[in-house]
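Spelled out, the chains give:
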Amino acid sequence: MINAAVGALIAITLAMGSSAGMPSSAASGAPNESARPLAGLTIAIDPGHQLGNARFPRQINQLVDAGGFKKACNTTGTATNAGVPEATVAWQVSRAVRARLVRMGAKVVMTRNANSRNLWGPCVDKRGTFPGQHGAALMVSIHADGSSARNRGFHVIAPQKRAPWTTTTAKPSLRLATQLRDALTSAGVPRSTYVGSGTALSVRSDLGTLNRSVVPVSMIELGNMRNASDAAKMTTRRGRAQYADAIVAGVRSYLGRS
Ligand SMILES: [Zn+2]
């Protein structure tokens, strides 16, 4: 219980906190609900690959159930021409997304919690089942593509409807993919010139991470790591912030929490 005098003091502290540009939670110790539009939600992020995958060929080549068919546990991922690995870019962008979502009140769970040359996986089947096991409302899987140098731009992948695996997830996942596509477009990230015929959307049946999820899931290919301008965006803090802001905006609009 709070008496009137203490209540007034809290109100003054909140006002001072906001005028000083401080986060209200830091200023008052109490969350400001209007600044926490994702409170009560769990969101899963899947940072693609793992930095050590190439060092564990036996483990990452083991076959797992990718949704009614067998597929390698994981792959090494691609890299920029300068040698920055996809696993690292996926990790950095995922962390930037997580920080933003947490500030907005969400609980964030990630399929891996380190980017290490001494680790591998998890396998795609485990990545897929992860968000359902953690009560997540949705999952965003973050990757970057490797294509010929003249190709550029992002695209977002949703699972194809394939009973029984994606019967309930195909439709909402495509809606999530579309919201992410729209947010990335609004943020000025160029759409893929080589996947999706200008829509930057792709529907696929071959991805275990998407097939094995029981909640809506989309996979973002941030850009083509072999393209100089895409690589420049991925390897600067500013560029990664642009991706992260857009991904969060897409998640919020999908959830109706904009
Ligand atoms: Zn990848």
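Please read these numbers as outputs of a predicted model, since none were measured by experiment. Each chain has its residues counted from 1, running along the sequence as written. Local features in this predicted model are restricted to residues of pLDDT 70 or higher, and side-chain atom pairs are both shown and tallied only at a pLDDT of 80 or more, whereas totals for entire chains, interfaces and linings draw on every residue.

Draft legend 1. Expanded view of the pairing of strand β5 (residues 138-145). Taking burial as the measure, the eight residues of β5 include eight buried ones, the bulk of the element. Exposure classes come from backbone-placed C-beta atoms, where a residue is buried if 20 or more other C-beta atoms lie within 10 Å of its own, exposed if 12 or fewer do, and partly exposed in between. Working definition: helices are DSSP H or I runs of at least four residues, strands are E runs of at least two. Numbering for both runs from the N terminus. The two faces of β5 match: L138, V140, I142 and A144 on one face and M139, S141, H143 and D145 on the other face are all buried. Across six bridges, β5 lies against strand β8 (residues 217-224) in parallel orientation. Note on β8: the bridge partner recorded for V140 is S218. At least two DSSP bridges between two strands are needed for those strands to be called paired.

Draft legend 2. Spotlight on the environment of Q133. By the element assignment, Q133 lies in helix α5 (residues 124-133). Under the C-beta neighbour-count criterion, Q133 is labelled exposed, with 12 such atoms within 10 Å.

Draft legend 3. Representation of the packing of helix α4 (residues 86-103) against helix α9 (residues 237-255). For helices, the axis comes from a line fit to the C-alpha atoms of the stretch in contact; other axes are also lines fit to C-alpha atoms, and the angle between any two N-to-C directions lies between 0 and 180 degrees. As a packed pair, α4 and α9 sit with axes 9 Å apart at the nearest point and diverge in direction by 50°. Regarding the angle of α4 to α9, the classification is oblique. Classified by chirality, the crossing of α9 by α4 is right-handed. On α9, the residues touching Q92, V93, A96, V97, R100 and L101 of α4 are R240, A241, Y243, A244, I247 and V248. In these notes the angle categories are as follows: under 35 degrees is roughly parallel, over 145 is roughly antiparallel, 65 to 115 is roughly perpendicular, and the rest is oblique. A clockwise turn of the near helix away from the far one marks a right-handed crossing, whereas an anticlockwise turn of less than a right angle marks a left-handed crossing. Think of it this way: build a C-beta for each residue from its backbone, and any pair within 7 Å is a contact.

Draft legend 4. Local environment of the sheet that holds β8. Spatially, six strands are ordered β4-β1-β5-β8-β6-β7 in an open sheet, and the strand pairing comes out mixed. Two strands lie at the open edges of the sheet, namely β4 (107-110) and β7 (201-204), each paired on one side alone. Neighbour-to-neighbour, the strand axes of this sheet turn through a mean angle of 25°, independent of strand direction. Where strand β6 (residues 155-159) meets β8, three bridges bridge the pair, whose relative direction is antiparallel. Across the sheet, V156 pairs through a bridge with I220, a residue of β8. Across the sheet, α9 is in contact with β1 (42-47), β5 and β8; its angle to β5 comes to roughly 150°.

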